[in-house]
Amino acid sequence: MELTHEINDDVVHIGIKGKLDSRTAPSFEERLMQIIDQGHKKIMIDFARLDYISSAGFRVLLFGARRLAESSGTIALFGLQPKIRNVFDIAGFSSIFSIFSSREEAEKSLKA
Amino acid sequence: MPNKILIVDDEPDLELLINMNFKREIRAGQYQFVYALNGAEALDKLEANGDVDVVLTDINMPQMDGLTLLARLNEQYPVLRTVIVSAYGDMSNIRTALNRGAFDFVTKPIDLQDLGITLTKAIKEAEDRKQALQNQENLLHIQNELGVASRIQSSILPRTFPPFPDRTEIDISAAIFPAREVGGDFYDFFFLDAHRLGIVIGDVSGKGVPAALFMAVSRTFLKATALTGLPPADCLAQINRTLYKESVAGMFVTLIYAIFDTRNGELIYSNGGHNLPLVLRSDGTVEALDRVEGIAIAASGKARFSEGRVQLQRGDVLVLYTDGISEAFNLKNEEFGEERLATSLRNMVGGSAKELTDGLIAEVNGFADGAQQSDDLTVLVLRYVDWED
């Protein structure tokens, strides 16, 4: 798994590539919590190059979303591959997370 | 605590030399020297001073020589390091000593500066070995505890098959293989009354110890709630409300809770974000249960759950599984997938619950072909037995 992140205005863009499973979830968790600890409230995550997500990866996303919710922040996800989207649907997570088809839509929702 | 160094030499004047040269280290409490005149005495001193880090020993001594001592040290004190003192040019003894595990050597006449450096190196090495040994012991301890945890964990799941020998209308089998010593998958089944059987399969996020703890809580809480007789959807809603508050670090559990009526084959189920169970009909068709509203348990405080219903005929089989089955990978990084799962079941139509369980596990293992198991693997099979059986 590879992680990138940059900050534009008050929105944090996270890019994630490869497999998000129990082996890679800890480093994703560390990065995400760092960003949240720094007080950022608007986070968008680019899933376009994410090929696999296990429940360990979902746990980190949920943890991030719950922590952000405490400070009225939000996470917007976009670019999910159909296979990944299907896993979100099975677990019912499509109704918990804000999922967008493009970067622009995700950005617009965060800036609204 | 000073580092202890045992000096073994039959010439007592070495003691004077050492004490003078390492005066500062001795006074600062950094080094403590112990002396022996030969190998036999050295072993006695070691017994009295168990925490010696380095032994500096001459080779030629009465009673027990340095090479014999070295062999004994290797056996009895594998952590401490030995430095050999030998005559300049006595290469054959030096080679023998190094081959027998001496850490280093110094030659006579002793260059005290070099001796200082050699001792520092030997002490560092001895401490590293001590630390490594300690780490290894800690690891063994943890492994033992995990072994116990693993036995406790498997003992809380029903393990006796057939579980209800006098209930000839149902045939149940299950198998569970955690990816590590303990896992986050579980299954369960229990009679709610004389005719209705509660069936559960669950998969906690992640694996290992955190998942195992959450698994134990989820499994127990679900069973206790189910036994009050609540319908599946209400049951999931109730445990979701509580577990959502208890969940740490975003942990969640996907699960299916179903109630099977053994009189008429009706199955009523609710789904907390789990893979939909499959029905293998007696004619070999495989169908997934219909999707129903629901979210993984403990993921959202606002989750709502609805119920689905499916009719099993005699000879039909219900197969519940976790994604360790469908997402098993082989060495080419291909996924077992739902397609292969359905095909495997279709090929085993007519088999008993145990045959289907074992056959499916064998199929997945054969597919993985030695690739490391990445997730816990669980399957639970319920066959509604034919009249003829």
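Everything that follows concerns the structure shown earlier in this document.
In this report, the structure presented in the accompanying data block is examined.

How each quantity is defined
- Residues numbered from 1 in each chain as written.
- Chains lettered and ligands numbered in written order.
- Predicted model: local features only at pLDDT ≥ 70, side-chain atom pairs only at ≥ 80, totals over all residues.
- Heavy atoms only, no water.
- Contact = heavy atoms within 4.5 Å.
- Buried area = accessible area lost by both parts, 1.4 Å probe.
- Salt bridge = Lys/Arg side-chain N within 4 Å of Asp/Glu carboxyl O.
- Polar contact = N/O pair within 3.5 Å; in protein donor to acceptor, adjacent residues only side chain to side chain.
- Nonpolar A, V, L, I, M, F, W, Y, C, P; charged D, E, K, R; others polar.
- Pairing = 2+ DSSP bridges.
- Helix = DSSP H or I, 4+ residues; strand = E, 2+ residues; numbered from the N terminus.
- Buried < 20%, exposed > 50% of the residue type's maximum accessible area, 1.4 Å probe, protein only.

Some thoughts on the interface of chain B and chain A
Then, number 1: Contact with chain B, which involves 25 residues of that partner, is made by 18 residues of chain A.
Then, number 2: Here chain B meets chain A over a buried area of about 1700 Å², counting both sides, of which 55% is carbon and sulfur.
Then, number 3: When the buried area of chain B at its contact with chain A is split by residue, B:Ala249, B:Phe252 and B:Arg291 rank highest and sum to 25% of it.
Then, number 4: For the pair chain B and chain A, the number of links is zero salt bridges.
Then, number 5: Across the contact surface, chain B and chain A share seven residue pairs in polar contact (both at pLDDT 80 or more).
Then, number 6: For the side of chain B that touches chain A, the class distribution of residues is 10 nonpolar, 10 polar and five charged.

Looking at the pairing of strand β1 (residues 2-8) of chain A
Moving residue by residue along a regular strand, the side chains alternate between the two faces of the sheet.
All names here are of chain A.
Then, number 1: In the sheet, β1 pairs with strand β2 (residues 11-20) via seven bridges, with the strands oriented antiparallel. From the neighbouring strand, Glu6 faces β2, where its bridge partner is His13.
Then, number 2: Turn length for the β1-β2 hairpin, with the two strands adjacent in sequence and antiparallel, is two residues, and the turn residue Asp9 shows positive phi of about 55°.

Things to note about the pattern of salt bridges
Should their charged atoms come close, side chains of opposite charge can pair.
Residues and elements named next belong to chain B.
Then, number 1: This model, assessed by the stated rule, comprises 25 salt bridges over all chains.
Then, number 2: Across the pair Asp53 and Lys130 runs a salt bridge, and its minimum N-O distance is 2.9 Å. Of this pair, Asp53 sits in strand β3 (residues 52-58) while Lys130 sits in helix α6 (residues 112-155), placing them 77 residues apart in sequence.
Then, number 3: Take Lys130: its relative accessible area is 41%, and that puts it in the partly exposed class.
Then, number 4: Residues Lys121 and Asp104 are paired through a salt bridge, measuring 3.1 Å at the closest nitrogen-oxygen approach. Taken together, the residues Lys121 in helix α6 and Asp104 in strand β5 (residues 104-108) connect sequence positions 17 residues apart.
Then, number 5: Residue Lys121 is classed as partly exposed on the basis of its relative accessible area, which comes to 43%.
Then, number 6: Among the charged side chains, a network of salt bridges with common partners joins Glu11, Asp58 and Lys108.

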